[in-house]
Structure formats: structure tokens, C-alpha cells
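Here is what each chain is made of, one letter per residue.
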Amino acid sequence: MPKKQKDQSKSQQTFHNLELLCKADEKQKKTLQKIIKQKPELAKSLNIYADGVKFYIARQELRNKLLSNVVPEEQLSPQLPIPVLTTNRRELIISKKNKLRMLSEEKQNKSTNGIVQINPANYTPFANRQVGRIPSLLPPKNQLQFGKEAARLKLNYYLGAGNNSELVKQIMAKRESHWSQVPYQFAYKHFQWQQTFTGMDFNKLQPSDGIYSKVMYNFFEFHKNITTKTGLTQSLLQYHNNIDKTFNIIPLVFQINFRIQEWNKDLQLFLDYFHKNNPLEVTSNKVNLDLDFYIPNIQQGPFNSPNILRFKLQDTLLANQYLWLLKPADWNRGEGVHVFGTLEELEALIKQYYNGKGSYECKEFVIQKYIEKPLLVEGRKFDIRCWALVSQDQQLFLFQEAYIRTSGFQFSLNTKDRFIHLTNNAVQKNAQTYGQFENGNQLSLEQLQKILDVNENPINFREKCWPVIKDYVKQVMSSTKINKRNRKYSMQLFGYDFMIDENYKVWLIEVNANPCIEESSPLLKMLIPRMLDDAFKITIDQVFTPEYDFGNTYSVIGYMDEINMWELLGIC
């Protein structure tokens with residue numbers, strides 16, 4: 001007989017539970033026999049299953065007999081223990097106590113080898129388990145401390161790298177009793193200080209009564225409404241609804257955005273104005289710019305109003321040259337800013353940045369009139385950096401001190417050298433004359449005043465110029481809503497750059513979202529730490545630790561340590 005037929009015959013002979021599984025159903029029997037014949041290896045598994053069924057049926061029969069009092073409890077097989085069934089609570093308690101007593105006696109009955117002797121008939125593994133004591137997560141009540149001496153759960157802050165972040169870390173170290181620095185990957189950060197607002201989820205800024213559920217950023221969601229060149233121009237134009245008023249605060253600006261469909265109309269408007277107001281003898285036949293750029297499908301603009309053609313340039317914007325500035329709309333620290341006087345120069349610069357100059361590429365610019373008659377410091381150009389602060393309550397502050405940034409070269413309109421015309425520290429620190437006249441090319445307001453005192457027409461800067469600076473700061477912050485969605489809680493430090501012309505008129509140049517806090521001179525080593533520390537006192541300290549005073553460790557000449565140097569200007 002073949003081996004396969006032998007296996008089939010053997011499987012049918014060894015499968016002895018056919019009647020049990022199929023009961024009286026002949027159809028099921030035939031089906032099961034057919035399956036076993038085709039797959040003999042199933043016979044063993046089915047036998048095991050059937051034995052389990054038989055055991056279960058036997059236990060059920062014993063249980064039914066016990067409930068019907070047919071079989072006394074003492075006659076039950078010890079191999080098949082049945083729990084004592086009783087409706088008397090007292091008898092049940094006594095039965096449990098007896099079992100525990102028996103288990104205790106069995107544990108004490110040890111053999112010479114140290115093995116516990118257990119009666120198999122009465123042994124259950126769960127009854128022998130020892131209950132361990134779970135240690136408390138809290139110290140004993142008599143060791144708990146309350147008040148200022150109690151252990152405090154610290155708040156978490158994240159500090160982004162760059163722009164002298166070590167100084168911010170130093171100032172936060174004053175608050176180490178309440179704050180702990182964490183990496184960016186940390187799940188919950190109460191305060192984030194970064195160089196850009198990339199990665200900040202402003203939806204997290206929700207009002208909360210609990211200190212540890214609050215989240216605070218050092219940026220407002222819509223700060224670009226004033227911190228980009230185009231955003232600042234558009235905000236002021238919409239706020240004043242008047243070209244003359246707007247361009248009496250900032251020098252005349254044309255916006256050129258090559259990402260929108262009608263960029264050619266904005267560019268043509270500038271070209272018309274350029275030719276109409278050119279005071280110099282025309283030495284070039286170039287009338288238009290040869291820009292064969294792609295025209296996008298974005299239907300927006302034009303940004304510049306035709307009424308701008310009627311605007312008359314102020315006297316201090318014109319001298320013996322006709323100079324303009326090309327600025328990338330969203331860059332800072334002097335990057336991409338160039339002086340030009342001809343359309344040939346403008347065309348070459350735009351093509352360079354449109355197609356990517358080095359690692360830079362830009363498709364949105366402003367063209368701004370250059371101030372050709374600036375006020376000079378010992379024959380050199382300068383500007384003024386001021387700090388403004390908007391708190392979590394939309395309060396607007398201006399720091400009471402500022403500093404002067406100077407050029408290291410004598411001023412001249414006959415050259416377009418960036419080191420002559422741009423006074424940003426990021427530009428000047430690369431010049432050979434950096435630090436030759438002033439430490440870090442920087443002066444204090446007090447030093448500026450001493451220079452103004454010896455001018456032919458001396459003025460008091462604090463009396464004539466500082467009130468104008470305050471007014472311009474308030475107008476800018478009133479021109480838009482940087483917190484349109486009423487987020488809680490944001491704060492932001494702004495850097496305002498101003499210039500003064502030879503008639504002592506103040507001009508706003510730009511607003512920076514992330515002003516430089518590098519301590520590049522002894523003057524800034526004194527001002528910036530105090531500026532930041534006082535800013536934190538009216539922002540993060542008020543939000544998270546209003547009951548605690550961290551004191552003052554940064555002194556500024558002429559100011560008491562106890563006062564906060566941020567002056568409140570109003571609500572924005």
C-alpha cells in the first residue's frame with residue numbers, strides 16, 4: 001500500500017472523537033472524514049481540541065451535580081478542583097481564612113534541601129504571590145515644603161543660534177531659578193527666541209490662566225507689514241492715504257515685484273518719473289530697461305499710484321548728482337543694497353539679482369531716492385539705530401538710548417562705493433578703516449550732541465529730533481496690525497533706522513524685525529544687555545513670573561539701576 005494511503009488509513013483509525021465533534025449530524029461526519037482523508041496531519045490537532053471539549057463537558061456536569069446536591073463536595077476528584085459555592089457570606093469568609101492558614105503551614109514545612117512542600121491538591125499559583133509595597137512618588141508629608149523654599153517646576157525656553165544668542169542666554173541665566181534651556185526638539189517650550197519666525201506655530205498662542213500652559217514667541221505673526229521695504233511703504237500709504245505725507249516720512253519709493261503680472265506697469269511708472277525729474281543733462285539715449293522676464297499669472301498690482309508722478313522731490317534729496325538706491329524688499333543688514341545713477345546700472349543690477357547673484361536671488365525690489373544732502377559727522381555719513389518694543393499687551397515702548405553708526409570714509413557723491421554710502425555695521429566691519437575714527441564705528445547720543453554743538457547751526461538733538469523719532473515710531477505701529485488675530489502671547493524687538501539731512505529733518509529709512517544685538521563696541525556692551533534685560537522685565541517676566549523681581553545687574557551711565565529704560569509711547 002502506498003505511504004499516502006497508509007497515512008490516511010492511520011489518521012482515520014486514530015481519530016477517535018468523530019462522534020463527539022459531530023454529534024448526530026451525518027453530513028458533518030462525512031465532511032470531517034473527507035477533510036481528514038485529504039489532510040491526515042489534522043487528526044492530531046482535532047484530537048487535542050476534542051479532548052479539551054470533553055474536559056469542559058465533564059466539569060460542567062460536575063458543577064451541575066453540585067448545584068443539585070447530587071454529589072457531596074468531599075467526593076469530588078482532587079484533580080478537578082471546584083470552587084466552594086455558597087450564598088452565606090460568613091461561610092465564604094471562613095473558607096478563605098482556612099485556605100490562607102493551610103498555605104501558611106505549607107510554606108513553613110521545608111525539606112532538608114530548602115524546598116517548600118506544597119500539597120498539589122490545594123495549590124494555586126496566584127494564592128502564593130506576595131503583595132509588594134509600591135513606593136510613594138512624593139516625600140512624606142512632614143518633609144513637604146511650601147512657599148519660596150519649595151522645589152519649583154521650571155519653565156522651558158529655546159534659544160535659536162546666531163545674532164549674539166549667547167547674550168540672551170546670559171540674561172536668561174539671571175532667571176535660572178525659574179527657567180531652563182531646552183533644545184528645539186523638546187516637545188513643550190514656553191518661550192522661544194529665534195532669529196526668524198520660521199517654524200513658529202502661532203496657533204499655540206492661546207490665552208491661559210495656567211503659567212505652564214502659556215507659550216510666548218519673540219515675533220508677531222504679521223510683523224512683515226512693517227519690517228520689509230515694500231510692507232513699510234504700503235502700510236504708510238494706506239494709513240495716510242496721501243503720497244505727500246508718506247514720502248515726507250520715508251524718501252520716495254517705487255515698488256517693483258517681478259512675481260506679479262503687472263510688474264511692467266510699476267517699472268514704467270518709475271521710468272517716467274526718472275526721466276521727468278532728472279535735473280542733469282541727459283548723457284544717455286537709454287529710455288527703457290531691456291528685461292525679458294517671465295510674466296506670471298498672479299493678477300495683483302500695480303503697487304505704484306499714477307499720482308506719484310506729481311510728487312515733488314525735497315531739496316535735500318537732490319544735489320549735483322541724481323542718485324537712487326536699489327534694495328531687495330525682504331533683505332536686511334545692507335545686503336543687496338546698491339547706489340545707481342543711470343538706467344544702464346539699474347538694468348545690470350536687476351538682472352544680476354533676478355538670475356541669482358552668487359548665492360542670492362531676488363525678484364522683489366524697491367527703488368528709493370537717495371538723500372544727497374545728509375547731515376555729516378566730521379565729513380562722514382551716519383545714521384541712528386533706535387530700539388522699539390511691542391509687548392504682549394500691544395504696548396509700544398521706545399528705548400531711551402540709541403547709538404550712531406558711522407562710515408569710515410569721507411562722504412562723496414562722485415563714487416558709488418558701498419563703504420561710503422552704507423553705514424550698517426554688517427557692511428562697515430569689512431572696510432579697512434573700520435574702527436579708525438570711532439570704536440566699532442559707533443557713537444553715543446551724547447557724543448553726537450557734542451559734535452552738533454560745534455556745528456555752524458547747532459541744535460539740541462533731544463529737543464528737535466528725538467520727538468520726531470517718537471512720532472514716526474508711533475505712526476509706523478499705527479499704520480498696520482501686526483497682531484491681527486489677537487494672539488497671546490507675543491513680544492517683538494524692532495530696530496528703527498533714521499537719518500538726518502543737512503536741514504535737520506529726520507527721515508525714516510527702514511524697520512528691522514531682528515535688529516543686531518552684537519556687542520561690537522564698549523558702547524553696545526553697556527547698552528544692549530540693559531536693553532534686553534529691561535525688555536524681558538516688561539514681557540516674559542510679566543507673563544510667567546509677575547510676582548518675582550530678578551533685580552538689575554546692567555548699569556548704563558546717566559540712568560539709575562532701579563528704573564526701566566523703556567519709555568511707554570502708547571498702545572498700538
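Structure: see above.
Residues numbered from 1 in each chain as written. Predicted model: local features only at pLDDT ≥ 70, side-chain atom pairs only at ≥ 80, totals over all residues. Heavy atoms only, no water.

S.K.: Would you mind showing me how to read the environment of L568 here?
M.R.: If you trace the backbone, L568 turns up in strand 16 (residues 566–571). Note: C-alpha distance between L568 and L389 (179 residues apart in sequence) is 9.3 Å. (Helix = DSSP H or I, 4+ residues; strand = E, 2+ residues; numbered from the N terminus.)

S.K.: How should the packing of helix 6 (residues 165–173) against helix 17 (residues 522–537) be read in this particular structure?
M.R.: Think of two packed helices as two axes; the pair is described by the angle between the axes and how far apart they sit. Where helix 6 meets helix 17, the axes come as close as 10 Å, and the angle between the chain directions of the two elements is 55°. Put simply, helix 6 runs oblique to helix 17. The two elements helix 6 and helix 17 cross, and the hand of that crossing is right-handed. Of the residues in helix 17, those touching helix 6 at L167, V168, I171 and M172 are I528, P529, L532, D533 and F536. (Axes fitted to C-alpha atoms, helices over the stretch in contact; angles between N-to-C directions. Parallel < 35°, antiparallel > 145°, perpendicular 65-115°, else oblique. Left-handed = near helix turned anticlockwise from the far one by under 90°. Contact = heavy atoms within 4.5 Å.)

S.K.: Explanation requested: the pattern of salt bridges in the structure shown.
M.R.: Where charged atoms of side chains with opposite charge meet at close range, the side chains can pair. With the rule as written, the count across this model stands at 26 salt bridges. Three or more residues joined by partner-sharing salt bridges are found here, namely K174, R175, R530, D533, D534, K537, D541 and D561. (Salt bridge = Lys/Arg side-chain N within 4 Å of Asp/Glu carboxyl O.)

S.K.: So what exactly am I meant to see when it comes to helix 8 (residues 229–240) here?
M.R.: For an α-helix, the turn length of 3.6 residues means that residues three or four places apart are oriented alike. The end-to-end C-alpha separation of helix 8 is 17 Å, in line with the 16 Å expected for twelve residues at 1.5 Å each. Within helix 8, burial applies to K229, T230, G231, L232, T233, S235, L236 and H240. Directly after helix 8, the chain includes N241, whose backbone phi takes a positive value near 55°. (Expected span 1.5 Å × (residues − 1). Buried < 20%, exposed > 50% of the residue type's maximum accessible area, 1.4 Å probe, protein only.)

S.K.: What should I look at first to understand the packing of aromatic side chains in this one?
M.R.: For any pair of aromatic rings, the description consists of the separation of the ring centres together with the inter-plane angle of the planes. Counted by the stated rule, this structure contains 33 aromatic pairs. Centroid distance W387 to F399: 5.8 Å. Interplanar angle 70°. Geometry classified as edge-to-face. With W387 in strand 10 (residues 380–390) and F399 in strand 11 (residues 395–399), this pair connects stretches of sequence that are twelve residues apart. Here a set of aromatic residues connected by ring pairs shows up, and it is made of Y157, W179, F191, W193, F536 and F544. Lying over the aromatic face of Y184, K189 brings its terminal NZ or CZ to 4.9 Å of the ring centre. It is K505 that lies over the ring of W507; its NZ or CZ is 4.4 Å from the centre. (Phe/Tyr/Trp six-rings, centres within 6.5 Å; stacked < 30°, edge-to-face > 60°. Lys NZ or Arg CZ within 6 Å of the ring centre and 35° of its normal.)

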